[in-house]
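Coordinate analysis (summary)
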Amino acid sequence: MKKIINRKVYNTETAELLGKYWNGLGNNDFNYLHEELYITKKGNMFLCYSGGALSKYGESGYGCGWGTEGIIPLEPEEAYEWLEKNDCHEAIEKYFADKLEEA
């Protein structure tokens, strides 16, 4: 997927995939949710998503609902939180080592 947002090109074909989340449901399920976190060659992070009508990405109007897909640019802190929530430890250690300390 490719999208231009605020004069920046976000392209899943040229960016590095850092982590994925899928809720295990088929894409025809209203609760389907799939997310992938990427980093561009310039270090910008973004979320590529798709979701069913009842997912957090669902939209509705005129008495019906539908799923959507798209790209959301993320600030570094948002990307870190997404990686931590989804247990993407390798990406955290690679891109956020300066935020880590021994417990």
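I will try to describe carefully the structure that is included in this document. (Residues numbered from 1 in each chain as written. Predicted model: local features only at pLDDT ≥ 70, side-chain atom pairs only at ≥ 80, totals over all residues. Heavy atoms only, no water.)

**What about the nonpolar core?**
Among the nonpolar cores identified, the biggest contains 17 residues, and Leu18, Leu37, Leu83 and Phe96 are the most heavily contacted of them. Take this core: its biggest share by element is four residues, from helix 1 (residues 76-85). Setting aside residues up to four positions removed in sequence, Leu83 forms contacts with Leu18, Leu37, Cys88, Ala91, Ile92 and Phe96. Membership of the second largest hydrophobic core comes to seven residues, among which are Tyr10, Ala15, Tyr38 and Cys48. (Core = buried A, V, L, I, M, F, W, Y, C linked by side-chain atoms within 4.5 Å. Buried < 20%, exposed > 50% of the residue type's maximum accessible area, 1.4 Å probe, protein only. Helix = DSSP H or I, 4+ residues; strand = E, 2+ residues; numbered from the N terminus. Contact = heavy atoms within 4.5 Å.)

**Some remarks on the environment of Glu13**
With respect to the secondary-structure elements, Glu13 resides in the loop between strand 2 (8-11) and strand 3 (16-22). It is 15 Å that separates the C-alpha atoms of Glu13 and Glu35, two residues lying 22 residues apart in sequence.

**Describing the packing of aromatic side chains**
Scanning the entire structure with this criterion turns up four aromatic pairs. With 4.0 Å between their ring centres and 20 degrees between their planes, Tyr49 and Tyr57 make a pair best called stacked. The same class applies to Tyr49 as to Tyr57, namely buried. On the basis of an interplanar angle of 75 degrees and a centroid distance of 5.3 Å, the ring pair of Tyr80 and Phe96 is categorised as edge-to-face. Highlighted residues: Tyr80 in helix 1 and Phe96 in the segment after helix 2 (89-95), separated in sequence by 16 residues. Its relative accessible area of 11% is what places Tyr80 among the buried residues. For Phe96, a relative accessible area of 4% corresponds to the buried category. (Phe/Tyr/Trp six-rings, centres within 6.5 Å; stacked < 30°, edge-to-face > 60°.)

**As for the environment of Gly70**
Structurally, the position occupied by Gly70 is in strand 8 (residues 68-74). When the C-alpha positions of Gly70 and Ser50 are compared, they lie 6.6 Å apart, and in sequence the two are 20 residues distant. Not counting residues up to four positions away in its chain, the partners in contact with Gly70 are Met1, Leu47, Cys48 and Tyr49.

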